[in-house]
Protein chains: 2
Amino acid sequence: MTARRVPEASVARLPLYLRVLVDLAEEGAQTVSSQALAESAGVNPAKVRKDLSYLGSYGTRGVGYDVEFLVGQISRELGLSQEWATCIVGLGNLGLALAHYGGFAERGFHLAALLDDDPAKVGTTVAGVEVSHVEETERLVKEHDIAIGVIAVPGPAAQGVADRLCDGGVSSILNFAPVVLQVPDGVSLRKVDLSVELQILAFYEQRRAADAVVDSAARTGLADVLDHAPPQ
Amino acid sequence: MTARRVPEASVARLPLYLRVLVDLAEEGAQTVSSQALAESAGVNPAKVRKDLSYLGSYGTRGVGYDVEFLVGQISRELGLSQEWATCIVGLGNLGLALAHYGGFAERGFHLAALLDDDPAKVGTTVAGVEVSHVEETERLVKEHDIAIGVIAVPGPAAQGVADRLCDGGVSSILNFAPVVLQVPDGVSLRKVDLSVELQILAFYEQRRAADAVVDSAARTGLADVLDHAPPQ
DNA sequence: AGCTGTGAAAAAGTTCACAGCA
DNA sequence: TGCTGTGAACTTTTTCACAGCT
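## Notes on the overall build of chain A
Thought 1: A count of helical and extended segments in chain A gives 10 helices and 10 strands.
Thought 2: Taken against the 2.2 N^0.38 rule, which gives 17 Å for 232 residues, the C-alpha radius of gyration of chain A at 23 Å runs more than 25% over that of a compact globule.
Thought 3: The principal-axis extents of the C-alpha atoms in chain A amount to approximately 70 × 55 × 35 Å.
Thought 4: Split into buried and exposed, the 232 residues of chain A put 48% on the buried side.

The following block contains the structure:
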């Protein structure tokens, strides 16, 4: 029985499982248990089973899941059995890193266009693709039927680029610029933000430090005094 | 009343609020309502109020939040009032992009070391920091008391780098390599993965496409037939 | 005996809606 | 009047625990 509507949290883990499974297949594994898959993916086995159950009943009780079959099912579910045309706007170090990134071409993501506003870069070839001027964005998105646009420009330029991508007709945007973008309904937006990630880590760093102080205070009977003291 | 234990989901939004607030402060705004803050951050106003209430009762009824004060409180809560020593391992395009990224130095994150395994890169200076050989990782982490390590090496090298960082004594790792890392308890780990993000977007792209087919089928009375048809 | 698939319980996160203060 | 702070309702996600195949 194929269940429709995979929960968002599960969707976000499917690519992870897929990566582990591909590795297992390369190592020649025939089957894998939810336990083993969970270990490699760094999650709980029950979660793996639940997640996979949303795709269908693809396991065999007492045995596990057929690795190759599961790779196929997850790929299909993620829409990786078809080609997606993508483009990258902004060819600074980050844009270059993304353009050269192997995993890009790897799973059905085809780099159809590269865009930058620097005349010195326009016309050059990066990763086998000629760089166009950012003003060509709408035209190229339409022309190549680009579904996913990747934004790797500085913050202040990002909203303008997003507008161009949406006008052109992309339906997904992956944003690396450190700003909150507004996009029309119906366009998926995901964000990757280095400085947000660092700040989240800093929070837990500091919490650990604070806890350590409270802990040692507790051991020496000073817990009450320090309970509301500022961290560090 | 200062509430302890800010929920994880709230922590992840604090850096976002902080960014918006810093912008507002630069524009000269004195106060901001949860409504306005929510709009700029792209979330629901009730969520903003809940999130901020975990830090304390810093708002004024009928008025809103004092922008400057809130910047201070969130910064303190995120541990940004102190300096965090960081290092980047791997100076390919991605590592270079990260090293040059402004937001890095911006909020108390200090680049204490850069590491690479390419002898041609060792000894050069990037972003004002001399590049050391990756074998120096443990020593440099100890020496500079580095708390946060950023991994920007190819997948196969990542676990080895993570081990070095942990041996050296970092307590947080930000991983850009497309692999699941194993780290000791007590080390925070966050992951940024381009190909995972693209795959998540592809899922929703495909779902939209499938829904469109079903919708048009529904309009023409074919819903039952197509309900379980393969997408596209 | 082993491992999946899944109801049911628990936990976490979100949103509502309104009392309460400025 | 206007906007915060927060219980309470609701939704989503995670985890448990075990029935049911192989």
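## Things to note about the nonpolar core
Thought 1: Counting 104 residues, the largest nonpolar core has Ile74 and Ile88 of chain A together with Leu21, Ile74 and Ile88 of chain B as the members making the most contacts within it.
Thought 2: If we ignore the near neighbours within four places in the chain, the residues touching Ile88 of chain A are Gly95, Leu98, Ala99, Phe104, Leu111, Ala113, Leu114, Leu115, Val150 and Ala152 of chain A.

## Brief notes about the pattern of salt bridges
Residue and element names in this part refer to chain A.
Thought 1: Scanning the entire structure with this criterion turns up 16 salt bridges over all chains.
Thought 2: Across the pair Asp116 and Lys121 runs a salt bridge, and its minimum N-O distance is 4.0 Å.
Thought 3: A relative accessible area of 29% places Lys121 in the partly exposed class.
Thought 4: Two residues, Arg139 and Glu136, come together in a salt bridge whose shortest N-O distance is 2.5 Å.

## Here's the deal with the protein's contact with DNA strand C
Thought 1: In the vicinity of DNA strand C, 25 residues are found, and the nearest of them are Ser34, Arg49, Gly59 and Tyr65 of chain A together with Arg13 of chain B.
Thought 2: Here a sugar or linking oxygen of DNA strand C and a backbone polar atom of Gly62 of chain A are 3.0 Å apart.
Thought 3: At a separation of 3.2 Å, a base oxygen of DNA strand C approaches a polar side-chain atom of Lys50 of chain B.
Thought 4: Every element with two or more residues in the surface near DNA strand C is listed here: helix H3 (45-53), strand E2 (59-60) and strand E3 (64-66) of chain A together with helix H1 (8-26) and helix H3 (45-53) of chain B.
Thought 5: Among the elements that take part in the surface near DNA strand C, H3 of chain B stands out by supplying 4 residues, more than any other.
Thought 6: For the surface near DNA strand C, the residue count by class is 6 nonpolar, 10 polar and 9 charged.

## Quick look at the domain arrangement of chain A
Thought 1: Domain parsing of chain A yields domain 1 (8-78), domain 2 (84-192) and domain 3 (196-226).
Thought 2: Computed from C-alpha coordinates alone, the two centres of domain 2 of chain A and domain 3 of chain A are separated by 42 Å.

## Let's talk about the packing of aromatic side chains
Residues and elements named next belong to chain A.
Thought 1: In total, this model carries 4 aromatic pairs over all chains according to the counting rule given.
Thought 2: Between Tyr58 and Phe69, the aromatic rings sit 5.3 Å apart at their centres with planes inclined by 85°, giving edge-to-face as the arrangement. Within this pair, whereas Tyr58 is found in the loop between H3 and E2, its partner Phe69 is found in helix H4 (residues 67-78), the two being separated by 11 residues in sequence.

## Looking at the packing of helix H2 (residues 34-41) of chain A against H3 of chain A
Residues and elements named next belong to chain A.
Thought 1: The contact between H2 and H3 brings their axes to 8 Å, and the two run at 105°. As the angle between them shows, H2 and H3 are arranged roughly perpendicular. Taken together, the residues of H3 that come into contact with H2 (itself represented by Ser34, Gln35, Leu37 and Ala38) are Pro45, Val48, Arg49 and Leu52.

## A short note on the protein's contact with DNA strand D
Thought 1: Around DNA strand D sit 24 residues, and of these Arg13 of chain A together with Ser34, Gly59, Gly62 and Tyr65 of chain B come closest.
Thought 2: When the atoms of DNA strand D within 4 Å of the protein are grouped by moiety, sugar and phosphate amount to 62% of the total.
Thought 3: Contacts to DNA strand D include Tyr58 of chain B, whose backbone N or O atom sits 3.2 Å from a phosphate oxygen.
Thought 4: Here a phosphate oxygen of DNA strand D sits 2.8 Å away from a polar atom, N or O, in the main chain of Gly59 of chain B.
Thought 5: If you list the elements that add at least two residues to the surface near DNA strand D, you get helix H1 (8-26) and H3 of chain A together with H3, strand E2 (59-60) and strand E3 (64-66) of chain B.
Thought 6: Counting residues per element, the surface near DNA strand D draws most heavily on H3 of chain A, at 4 residues.

## Looking at unusual backbone geometry
Residue and element names in this part refer to chain A.
Thought 1: Its identity as a non-glycine residue notwithstanding, Ala127 has a phi of 50°, on the positive side.
Thought 2: Turning to its location among the elements, Ala127 is positioned in the loop between strand E6 (125-126) and strand E7 (129-133).
Thought 3: In this structure Ala127 comes out as partly exposed when scored by relative accessible area, which is 41%.

## Here's the deal with the relation of the copies chain B and chain A
Thought 1: Under the fitted operation, chain B is carried onto chain A by 0.0 Å of movement along the axis and a turn of 180°, and the coordinates agree to an RMSD of 0.1 Å. Expressed as a symmetry operation, the mapping of one chain copy onto the other fits a two-fold axis.
Thought 2: Taken as a fraction of all interface residues of chain B, those also at the interface in chain A reach 100%, which identifies the copy contact as same-surface.

## Here's the deal with the packing of helix H7 (residues 137-144) of chain B against helix H8 (residues 155-168) of chain B
Residue and element names in this part refer to chain B.
Thought 1: The contact between H7 and H8 brings their axes to 8 Å, and the two run at 35°. Note on packing geometry: the crossing formed by H7 with H8 is right-handed. Counting all contacts with H7, which are made through Thr137, Glu138, Val141 and Lys142, the residues of H8 involved are Arg164, Leu165, Asp167 and Gly168.
Thought 2: Its residues placed into classes, the contact of H7 with H8 shows 2 nonpolar, 2 polar and 4 charged.

## Observations regarding the interface of chain B and chain A
Thought 1: On the side of chain A, 68 residues touch chain B, which itself brings 67 residues to the contact.
Thought 2: Overall, the association of chain B and chain A removes approximately 6100 Å² of surface from exposure, summing both partners, and the carbon and sulfur fraction of that is 61%.
Thought 3: The shortest N-O distance in the salt bridge between Glu197 of chain B and Arg190 of chain A comes to 2.4 Å.
Thought 4: Where chain B packs against chain A, one counts 26 residue pairs in polar contact (both at pLDDT 80 or more).
Thought 5: Top element by residues in the side of chain B that touches chain A is helix H9 (residues 194-219) of chain B. It accounts for 16 residues.

## Things to note about H1 of chain A
Residues and elements named next belong to chain A.
Thought 1: Between the first and last C-alpha of H1 there are 28 Å, a value that for 19 residues agrees with the 27 Å anticipated at 1.5 Å per step.
Thought 2: At Leu14, H1 shows its maximal kink, close to 25°; a proline, Pro15, follows between one and four residues later.
Thought 3: Of the residues trailing H1, Gly28 is marked for its positive phi of about 90°.

## Regarding the pairing of strand E4 (residues 84-89) of chain A
Residues and elements named next belong to chain A.
Thought 1: Where burial is concerned, most of E4 is hidden: 6 out of the 6 residues are buried.
Thought 2: When E4 meets strand E5 (residues 109-116), the two strands line up parallel, connected through 6 bridges. Residue Trp84 lies in a different strand from E5, and its bridge partner there is Phe109.
Thought 3: In this structure, E4 lies alongside strand E8 (residues 148-151), joined through 4 bridges in parallel fashion. Counted as the bridge partner of Thr86 is Ile148 from E8.

Rules used in this analysis
- Residues numbered from 1 in each chain as written.
- Chains lettered and ligands numbered in written order.
- Predicted model: local features only at pLDDT ≥ 70, side-chain atom pairs only at ≥ 80, totals over all residues.
- Heavy atoms only, no water.
- Helix = DSSP H or I, 4+ residues; strand = E, 2+ residues; numbered from the N terminus.
- Rg over C-alpha atoms; globule rule 2.2 N^0.38 Å.
- Buried < 20%, exposed > 50% of the residue type's maximum accessible area, 1.4 Å probe, protein only.
- Core = buried A, V, L, I, M, F, W, Y, C linked by side-chain atoms within 4.5 Å.
- Contact = heavy atoms within 4.5 Å.
- Salt bridge = Lys/Arg side-chain N within 4 Å of Asp/Glu carboxyl O.
- Near = heavy atom within 4 Å.
- Polar contact = N/O pair within 3.5 Å; in protein donor to acceptor, adjacent residues only side chain to side chain.
- Nonpolar A, V, L, I, M, F, W, Y, C, P; charged D, E, K, R; others polar.
- Domains from an automatic or database assignment.
- Phe/Tyr/Trp six-rings, centres within 6.5 Å; stacked < 30°, edge-to-face > 60°.
- Axes fitted to C-alpha atoms, helices over the stretch in contact; angles between N-to-C directions.
- Parallel < 35°, antiparallel > 145°, perpendicular 65-115°, else oblique.
- Least-squares fit on C-alpha atoms with pLDDT ≥ 70 in both.
- Left-handed = near helix turned anticlockwise from the far one by under 90°.
- Buried area = accessible area lost by both parts, 1.4 Å probe.
- Expected span 1.5 Å × (residues − 1).
- Bend = angle between axes of the 7 residues up to and from the residue.
- Pairing = 2+ DSSP bridges.

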